[in-house]
Amino acid sequence: MSARTKSRKRALDILFESELQSLPPGGTLADRLATNEYPVNDYAVQLIEGVVMHRDRLDEIITDNARDWTLDRMPAVDRNLLRIGAYEILYVDDVPDAVAVSEAVGLAGDLSTDESPTFINGLLSKIVELKPTLTA
């Protein structure tokens with residue numbers, strides 16, 4: 001597993017954990033960094049902070065393009081993978097869009113439902129297609 005893949009997984013863990021505990025997005029990041037219970041590298045922090053900073057816009061884009069699915073209806077893992085993937089597509093210039101989609105799909109395959117990889121692939125691919133028209 002590459003370093004960035006591990007970073008994405010760690011970011012997902014922290015975003016998911018925060019949501020599960022009804023904390024603000026990324027609310028457990030400070031605790032994870034302070035305890036150093038498991039390593040949180042710079043890219044994981046960048047992803048978490050980026051998702052938190054742009055969450056309203058990311059959620060709006062995801063909601064607008066998720067046919068017949070609301071954010072609340074999506075599994076929490078999928079919701080947070082979509083946020084991370086959309087953040088990378090829209091805001092991280094040194095990650096190719098295809099890599100952001102592939103990484104999110106791969107993590108969904110490992111961590112979510114059987115239908116999740118197809119759903120995430122379709123939705124993030126739509127965001128890639130619309131990227132030139134989306135205002136960040």
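Relevant structure appears above.
The rules we used
Residues numbered from 1 in each chain as written. Predicted model: local features only at pLDDT ≥ 70, side-chain atom pairs only at ≥ 80, totals over all residues. Heavy atoms only, no water. Helix = DSSP H or I, 4+ residues; strand = E, 2+ residues; numbered from the N terminus. Rg over C-alpha atoms; globule rule 2.2 N^0.38 Å. Buried < 20%, exposed > 50% of the residue type's maximum accessible area, 1.4 Å probe, protein only. Areas by Shrake-Rupley, 256 points an atom, 1.4 Å probe, with all protein chains shown as cover. Lys, Arg positive; Asp, Glu negative; His and termini not counted. Charge placed at Lys NZ, Arg CZ, Asp CG, Glu CD. Polar contact = N/O pair within 3.5 Å; in protein donor to acceptor, adjacent residues only side chain to side chain. 1 Å grid on protein atoms, 1.4 Å probe; cavity = no way out; pocket = protein on both sides within 12 Å on 5 of 7 lines; lining within 4 Å. Points joined across faces, edges and corners; volume = space filled by probe spheres on them. Nonpolar A, V, L, I, M, F, W, Y, C, P; charged D, E, K, R; others polar. Salt bridge = Lys/Arg side-chain N within 4 Å of Asp/Glu carboxyl O.

S.K.: Explanation requested: the overall build of the chain in the structure shown.
M.R.: The helix and strand inventory of the chain stands at six helices and zero strands. Counting from the amino terminus, helix and strand elements in the chain follow one another as α-α-α-α-α-α. Relative to the 2.2 N^0.38 estimate, which gives 14 Å for 136 residues, the radius of gyration of the chain is 14 Å and therefore close to what a compact globule would have. For the chain, the spread of C-alpha atoms along the three principal axes comes to 40 × 30 × 30 Å. Put simply, the chain has 136 residues, and 45% of those count as buried. Of the accessible surface of the chain, which amounts to about 7,200 Å², a share of 51% is contributed by carbon and sulfur atoms. For the chain, the distance from the average site of its 14 positive side-chain charges to the average site of its 23 negative ones is 1 Å.

S.K.: What's the story with the side chain of Ser18 in this structure? I'm lost.
M.R.: Along the chain, Ser18 falls in helix 1 (residues 3–20). Among the residues examined, Ser18 registers a relative accessible area of 0% and is labelled buried. Within the structure, the side chain of Ser18 is placed 2.9 Å from the backbone oxygen of Ile14, a separation counted as a polar contact.

S.K.: What exactly am I supposed to notice about empty space enclosed by the protein here?
M.R.: A water-sized probe, rolled over the atoms, reveals where empty space remains. One pass over the full model with this rule turns up one cavity of 30 Å³ or more. Of the voids in this model, the largest cavity is the one considered here, and its volume is about 30 Å³. Along its surface, the largest cavity is lined by Arg8, Leu81, Ile84, Gly85, Glu88, Ala100, Glu103, Ala104 and Leu107. If you list the elements that add at least two residues to the lining of the largest cavity, you get helix 4 (76–91) and helix 5 (97–111). Counted by class, the lining of the largest cavity contains five nonpolar, one polar and three charged residues.

S.K.: Please clarify how the layout of surface pockets should be interpreted in this entry.
M.R.: Here the largest pocket is characterised by a volume of approximately 160 Å³. Every residue along the wall of the largest pocket is listed here: Asp64, Asn65, Ala66, Arg67, Thr118, Phe119, Gly122, Leu123 and Lys126. Elements represented by at least two residues in the lining of the largest pocket include exactly helix 3 (42–65) and helix 6 (116–130). At five residues, the largest contribution of residues to the lining of the largest pocket is made by helix 6. Class assignment of the residues belonging to the lining of the largest pocket gives a composition of three nonpolar, three polar and three charged.

S.K.: Teacher, can you tell me more about the pattern of salt bridges here?
M.R.: A side chain of one charge can pair with a side chain of the opposite charge if their charged atoms are brought near each other. What the rule picks out here adds up to 13 salt bridges. Residue Glu17 is joined to Arg32 by a salt bridge in which the shortest nitrogen-to-oxygen separation is 2.5 Å. With Glu17 in helix 1 and Arg32 in helix 2 (residues 29–35), this pair connects stretches of sequence that are 15 residues apart. Residue classification places Arg32 among the buried residues on the basis of a relative accessible area of 14%. The salt bridge partner of Lys131 is Asp97, with a shortest N-O separation of 3.1 Å.

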